[in-house]
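Notes for the structure review
This is what each chain is made of:
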Amino acid sequence: MNGMLYKEYKQNSLFILLTALVGVFILPAALIMLSQVNGASLSTTINDYILNKADKGNIVFTIFIGYLATGTAQVLVLVTDSKKVWSLFIASNPDGIRSYIRIKYELIFAMAVLMLISCCISDRIIGLISQATLNIDIINFTSLYIALFYIQLFLRAIDIPFSLRFGIKKGSAIKLCFFIILFIILIILILANPSGVMDTLAGFAANKKSESKFLTEIVPLLKGIFPFVSAASFLLSYKISCKIYMKGAEQYDK
Amino acid sequence: MTNKAKEAKRLLIFIAMVFGIYPPLFALLNGTVGYDNWVGGKYGNIALMLMFIPAIASLLTRIITKEGMGQSGLHLRLNRHIGFYIAALTVPAVIMIVSALIFACVSGEKTSSVFGGCGSAVQKLSFLLNNIYAPVPITAFLCLGEELGWRAYMGKKLESLTGIAGTCVIGGIIRGLWYAPMIAKGLLFGNEYGGYPYIGILLVCLCCIFEGTALTWLTIKTESVYPAAIFRAVIFLFAVNINALPVGGFAANLAKRGMIKFFPVILIVYAVAGALCAVMMLAENKNCKAQTKN
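Summary of the structure given here. The shown structure was predicted, so the numbers you read here are calculated from the model rather than taken from an experiment. (Residues numbered from 1 in each chain as written. Chains lettered and ligands numbered in written order. Predicted model: local features only at pLDDT ≥ 70, side-chain atom pairs only at ≥ 80, totals over all residues. Heavy atoms only, no water.)

1. Overview of helix 4 (residues 53-64) of chain B
All names here are of chain B. For helix 4, with 12 residues, the first-to-last C-alpha span of 16 Å sits near the 16 Å given by 1.5 Å per residue. Within helix 4, the full set of buried residues consists of Ile53, Pro54, Ala55, Ala57, Ser58, Thr61 and Arg62. Next to the buried residues of helix 4 lie helix 1 (3-32) and helix 8 (136-184). Positive phi shows up at Lys66, right after helix 4, with a value of about 55 degrees. (Helix = DSSP H or I, 4+ residues; strand = E, 2+ residues; numbered from the N terminus. Expected span 1.5 Å × (residues − 1). Buried < 20%, exposed > 50% of the residue type's maximum accessible area, 1.4 Å probe, protein only. Contact = heavy atoms within 4.5 Å.)

Structure follows, in structure tokens:
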């Protein structure tokens, strides 16, 4: 290993290690949180989970939040280089900015994959242990982790350009404003209900169990397309980051 | 010791490791857990973990021979090679769907019903995207376990010793023989076919030669092992979901006629793809030699 990749590995080995460890602890952490929320003892929650009695929705929701929250640590690999001198040094090399940004994106992608793999491996090991000791098939969350991986990739595609352009702190604040504006627009849409959009959505929700075309055809298709959308947005985000990097670097030491 | 002798020694150690770790583990698992339980049964996860034996063997060989981690193929090299990554995602789909179509036609399916069944066109597309393409990252990781051994280590050594043609043929045979204990136990084809288990092992060896040619081409072009792992992941996911392939009447035919009848069709399509890759590799090799002479 040499060059930029070696530098990134040395600088961020702690984050990489933490990412690998997240998978091992995500399910136990979800169960602990669930026991706290429900006010039940941990052993009862684990028992319910093993015997498939626990509310699957609650576990899925807790894993969802935990996975995405810990995933934000991936942006921290950008913090270590937020210095103007370093940016100028990078820019002084031929093809420096592109290769620097590319390595950052590759590292963040590798960390996302590492997290997915560690989650899936721990899931499989828990499954093996429960089979060997109790002869019980416990819930497998592999497909949830795969979905979360793509969501995470999509969120990073939005995160990274903001962080590079405005710095981590300012970037997070601007990103938050961006999401608040989106949220407000959504609320206005719900309240204004143009062309009965909400009525239509409510109709879909009410017909959840029926064989509506939306649920049998459109939703699976959107689910299937999303991985490609997130991969494409990640690539597009890389192109944008290459363009805005120097503009952001001007503000690093202010 | 000359360079070639060194490479040969390393290759022999790797092969001894791969074949030394796997059969004893295979026998141990069969004796304790039971074959049906650990291959696709309730302990099916163990079979997936065994895919890492070639990677472990290559790592151990590198440590024993003090070779270091050079040419590990672990760099993504996405830059300028994105086309090969896209090829690794799409070509296996073409291979499997064309094979299924040929099989459906050869086995007497009416042309009108070949594309029928299995829901609407949107549902077929959703099935492909959700069940075959979405799990590619995690499946590619499992395939990486094998490819780090076969392509990134054994392939490189064979290439320096026997050239590209030797790499594809000898490498394919070695890989095919590695699967032999499982084929002999009934993996893929069961155990009720003429010439069992030798015909099954022969078919797998041929498949490994043709598939290996395409994988070697991808690895040489990108100097990375990931496209090969992605290629195999897509093939693997197609194979797992084979009975639900969006080619009408396919499932029924396959259930009736068995995998042993379908496999030669895949082999023919694979052979065409492998031959194309071999021609491209040999032509490039010739050009390189001509340029060095000039």
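After that view, the rundown keeps rolling.
2. What to know about the nonpolar core
Counting residues in hydrophobic clusters, the biggest one holds 85 residues, and the most contacted among them are Trp38, Ile132, Trp150, Phe189 and Phe231 of chain B. Considering every element that reaches this core, the biggest residue donor is helix 8 of chain B, with 19 residues. Leave out the neighbours within four places in its chain, and Ile132 of chain B touches Phe127, Val234, Leu237, Phe238 and Asn241 of chain B. If you look at the next biggest cluster of nonpolar residues, it comprises 52 residues, including Val22, Leu31, Tyr100 and Ile160 of chain A. (Core = buried A, V, L, I, M, F, W, Y, C linked by side-chain atoms within 4.5 Å.)

3. What about the packing of aromatic side chains?
Evaluation of the coordinates by the stated rule reveals 27 aromatic pairs over all chains. Residues Phe109 of chain A and Phe234 of chain A carry aromatic rings whose centres are separated by 6.2 Å and whose planes lie at 45 degrees to one another, so their mutual orientation is tilted. Highlighted residues: Phe109 of chain A in helix 5 (residues 96-134) and Phe234 of chain A in helix 9 (residues 213-249), separated in sequence by 125 residues. For Phe234 of chain A, a relative accessible area of 9% puts it in the buried group. Three or more aromatic residues joined by ring pairs form one cluster here, namely Phe14, Tyr22, Phe26, Tyr35, Trp38, Trp150, Tyr153, Trp178 and Tyr179 of chain B. One Lys or Arg, Lys157 of chain B, reaches over the ring of Tyr153 of chain B and ends 4.6 Å from the middle of that ring. (Phe/Tyr/Trp six-rings, centres within 6.5 Å; stacked < 30°, edge-to-face > 60°. Lys NZ or Arg CZ within 6 Å of the ring centre and 35° of its normal.)

4. What to know about the interface of chain A and chain B
Facing the 26 residues of chain A at the interface are 24 residues of chain B. Both sides together, the interface formed by chain A and chain B hides about 2,200 Å², and carbon and sulfur atoms give 70% of it. On the chain A side of the contact with chain B, Arg124, Leu128 and Glu217 of chain A bury the most area, a combined 22% of that side's loss. One can count zero salt bridges joining chain A with chain B. Run the count over chain A and chain B and you get four residue pairs in polar contact (both at pLDDT 80 or more). Put simply, the parts of the chain that give the side of chain A that touches chain B at least two residues each are helix 5, helix 6 (142-166) and helix 9 of chain A. Here the element with the most residues in the side of chain A that touches chain B is helix 5 of chain A; it accounts for 11 residues. Counted by class, the side of chain A that touches chain B contains 17 nonpolar, four polar and five charged residues. (Buried area = accessible area lost by both parts, 1.4 Å probe. Salt bridge = Lys/Arg side-chain N within 4 Å of Asp/Glu carboxyl O. Polar contact = N/O pair within 3.5 Å; in protein donor to acceptor, adjacent residues only side chain to side chain. Nonpolar A, V, L, I, M, F, W, Y, C, P; charged D, E, K, R; others polar.)

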